[in-house]
Amino acid sequence: MSEQPSGAEQWRRMLESMLGPDAAAEAMRALESSGMDLSRLESMPGMPSDPSQFAAAMAQMRQVLSADDDGGSSDWKVAHDVARQVAHLGGDPAVSAAQAESARRALQAADLWLDVATDLPPSGGPQQAVSRAEWVERTLPVWRQVADPVGVSVAQALATTMGTDGPGLPEGLDPAAAGLLGGVDMGAMVRKLGRLSFAMQVGQGAGTLAREVFGATDTGLPLLTDPAVLLVPANLDAFAEDLDVPTDEVWHFLAVREAAHARLFTHVPWLRSQLLNAVEQYARGIEIDLRQLEDAVRDIDPTDMEQLRSALAGGIFSPERTESQDRALSRLETILALIEGWVEEVTAAAVAPHLPHAVPLREMLRRRRAAGGPAEDTFRTLVGLELRPRRARDAALLWAAVTRELGAAERDELWSHPDVFPTAEDLDDPGTYLSRRESSRAEGADVDEALAMMLEGNLGYSEGAREHDAARAAGSAAAESAGSPEQAEPEDDENPERG
């Protein structure tokens, strides 16, 4: 029976496997010169007693640090895997042929019904039924765009809080640990782990949301990079099970909502950029509550991803917002509310002749929106944003008034440019929006008329002045011509020699 290698020999072998013989020998010399007994390593906080465990942990950290970090792509590959795993929890059945056909029929009918309710044409993109995991695949790139700026802030705050903000190792580290961690930039490692754990949290939220959504537009954000209309049959059926409404009606109602959203995002060019820019502006201004973060990570092992994820899920964002964030949040909430209100009004008009339970379905969707769900809570914790449109009812009243007074064509014309789009002040009093708009247009017309009169007056003055100056110049030239002896003779009565 072979003898168990000593503690020092175990660490030497471990270091050789990690660093190679030369670097391992140098690390061992550094440890020995420090006077540290290697047996003490087992009692260090957070240090595994088994060298092989430590070797595995360090190998994992080196793999993370050496991963090709093309703008954080390696982090989001992990987040993608987490999102798919969470989406599969509780089952993620593949879309059957019957479900695909039901989705196709419902979306085709939705476009026909919407043609009567809005002047905006169909989106023109593919109409698809997708599984929950497929929904993750299609939408995660936009979630990354929304969350990436926050992840960078979280990672930097984590490094600052843990005393690893700069390169190298933190001050006061035990010499033995410093020897073992030689060559590892702890600041870079902690920042990398912070970004990775945050991306995994977003992936978890996206996976949870995949089990609840009906299509790609439930949050109000444009989650698809290309025009398309999606339905998630597993979620539609689960929602219909709890309602005293035929499943077929539920499918048609939700298909109309999804198709109406798709028309907006496809044919209102400025809408997507305005929404995502507002989210990005808000996210870039987020400040991390360092005291809250310090409390959250005080007793955790930063190399333990599960502990990091739990810590970051505890609410680490500062409650204070900047003026820029307030403006961005106000703009975002207003646009989200107006999108939801328009979709609600247009859907109601489109389905009224076809679905007997249209009114209770509309109210059911309102209650669902107001209650929210665990996924929305996750994203509020992660990004600090409330994705539910708080003022959708006010927006619906505004769009209903515009439709009643002006018709669908002029209502939809308000989406033509952000300058003519309703504002947050209009949602404060939607009943008087049209009268205020007419008064504003009348004032604008008066200003335009006064400006035109001023311009016409200036033009008339200028032209008259030019004619007057031209006449004076001509008269001066004639007078000079008449007084020149080489060019003109005096009259007979003024010439004494002529008789």
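All values reported here derive from a predicted model rather than from experimental measurement.

Engineer: A description of the overall build of the chain should follow, citing residues and the corresponding values.
Structural biologist: Counting its regular elements, the chain contains 20 helices and 2 strands. For the chain, the residues scored as buried account for 43% of the 499 residues in total. Considering only residue pairs separated by 6 or more positions, the chain has 79% of its internal contacts joining residues 24 or more positions apart.

Engineer: Talk me through the nonpolar core; I want residue IDs and the actual numbers.
Structural biologist: One finds Trp135, Leu271 and Trp415 to be the most contacted residues of the largest nonpolar core, which totals 95 residues. Per element, the largest residue contribution to this core is 13 residues, and it comes from helix H14 (residues 323–351).

Engineer: Outline the confidence of the model for the chain, listing residues and values.
Structural biologist: When pLDDT is averaged along the chain, the result is 75; 58% of the residues meet or exceed 70. For the stretch residues 40–48, pLDDT sits under 50, and the model shows 15 contacts to residues farther than four places along the chain or on other chains. Here residues 166–184 is modelled with pLDDT under 50, and outside its nearest four sequence neighbours on either side it reaches 43 contacts, counting other chains as well.

Engineer: I'd like a description of the packing of aromatic side chains, backed by residues and values.
Structural biologist: Inspection of every chain in the model, using the stated rule, returns 7 aromatic pairs. Residues Trp415 and Phe421 carry aromatic rings whose centres are separated by 4.7 Å and whose planes lie at 50° to one another, so their mutual orientation is tilted. Each member of the pair, Trp415 as well as Phe421, carries the same accessibility label: buried. Through a chain of ring-to-ring contacts, three or more aromatic side chains come together here, namely Trp270, Trp342, Trp399, Trp415 and Phe421.

Engineer: I'd love a proper account of the packing of H14 against helix H15 (residues 358–371), names of residues and values included.
Structural biologist: Two elements in contact, H14 and H15, have axes separated by 10 Å at closest approach and are oriented at 160°. One finds that H14 runs roughly antiparallel with respect to H15. Remark: the crossing between H14 and H15 carries right-handed chirality. Between H14 and H15, the residues in contact are Glu340, Glu344, Glu345, Ala348 and Val351 and Ala358, Arg362, Arg366 and Arg369, respectively. Residues belonging to the contact of H14 with H15 are distributed by class as follows: 3 nonpolar, no polar and 6 charged.

Engineer: Go over the pattern of salt bridges with me, naming the residues and quoting the values.
Structural biologist: Tallied over the entire structure, the rule returns 17 salt bridges. For Arg369, the salt bridge identified is with Glu344, shortest N-O distance 3.4 Å. Of the two residues, Arg369 sits in helix H15 while Glu344 sits in helix H14, which places them 25 residues apart along the sequence. A relative accessible area of 15% means that Arg369 is categorised as buried. For the salt bridge of Asp394 with Arg391, the shortest nitrogen-to-oxygen distance reads 3.6 Å.

Engineer: Tell me about the environment of Leu355, residues and numbers included.
Structural biologist: Tracing the sequence through the fold places Leu355 in the loop between H14 and H15. Classification of Leu355 by relative accessible area gives buried; the value is 7%. For the pair formed by Leu355 and Phe253, sequence separation is 102 residues and the distance between their alpha carbons is 7.8 Å. Discounting chain neighbours no more than four positions away, the residues touching Leu355 are Trp113, Glu249, His252 and Phe253.

Engineer: So what's going on with the side chain of Arg411? Residues and values would help.
Structural biologist: Mapped onto the fold, Arg411 is located in helix H18 (residues 408–413). A relative accessible area of 3% means that Arg411 is categorised as buried. A distance of 2.9 Å separates a polar atom in the side chain of Arg411 from the backbone oxygen of Ala117. Excluding residues within four positions of it along the chain, Arg411 makes contact with Ala117, Thr118, Trp342, Val346, Trp399, Val402 and Thr403.

Engineer: Got a sec to walk through the packing of H14 against helix H17 (residues 392–406)? Specific residues and values, please.
Structural biologist: The N-to-C vectors of H14 and H17 enclose an angle of 55°; their axes lie 7 Å apart at closest approach. As the angle between them shows, H14 and H17 are arranged oblique. For the pair H14 and H17, the crossing hand works out as right-handed. The segment H14 lies against H17, with Ala337, Leu338, Glu340, Gly341, Trp342, Glu344 and Glu345 engaging Ala392, Ala395, Ala396, Trp399 and Ala400. Looking at the contact of H14 with H17 residue by residue, the classes come out as 8 nonpolar, 1 polar and 3 charged.

Engineer: Residue-level account of the side chain of Ser131, with values.
Structural biologist: Its location among the elements puts Ser131 in the loop between strand S1 (127–129) and helix H6 (132–161). Assessed through its relative accessible area of 10%, Ser131 is described here as buried. Ser131 has contacts with Asp92, Pro93, Val95 and Val232, leaving out every residue within four places of it along the chain.

Engineer: I'd like to hear about the environment of Leu224, residue by residue, with values.
Structural biologist: You can see Leu224 is positioned in the loop between helix H8 (186–210) and strand S2 (229–231). Sequence separation between Leu224 and Leu140 is 84 residues; the distance between their C-alpha atoms is 8.9 Å. Once you skip the residues sitting within four places of it in the chain, Leu224 turns out to touch Arg138, Thr139, Val142, Ala216, Leu230 and Arg272.

Criteria and thresholds
Residues numbered from 1 in each chain as written. Predicted model: local features only at pLDDT ≥ 70, side-chain atom pairs only at ≥ 80, totals over all residues. Heavy atoms only, no water. Helix = DSSP H or I, 4+ residues; strand = E, 2+ residues; numbered from the N terminus. Buried < 20%, exposed > 50% of the residue type's maximum accessible area, 1.4 Å probe, protein only. Contact = heavy atoms within 4.5 Å. Core = buried A, V, L, I, M, F, W, Y, C linked by side-chain atoms within 4.5 Å. pLDDT = per-residue confidence, 0-100. Phe/Tyr/Trp six-rings, centres within 6.5 Å; stacked < 30°, edge-to-face > 60°. Axes fitted to C-alpha atoms, helices over the stretch in contact; angles between N-to-C directions. Parallel < 35°, antiparallel > 145°, perpendicular 65-115°, else oblique. Left-handed = near helix turned anticlockwise from the far one by under 90°. Nonpolar A, V, L, I, M, F, W, Y, C, P; charged D, E, K, R; others polar. Salt bridge = Lys/Arg side-chain N within 4 Å of Asp/Glu carboxyl O. Polar contact = N/O pair within 3.5 Å; in protein donor to acceptor, adjacent residues only side chain to side chain.

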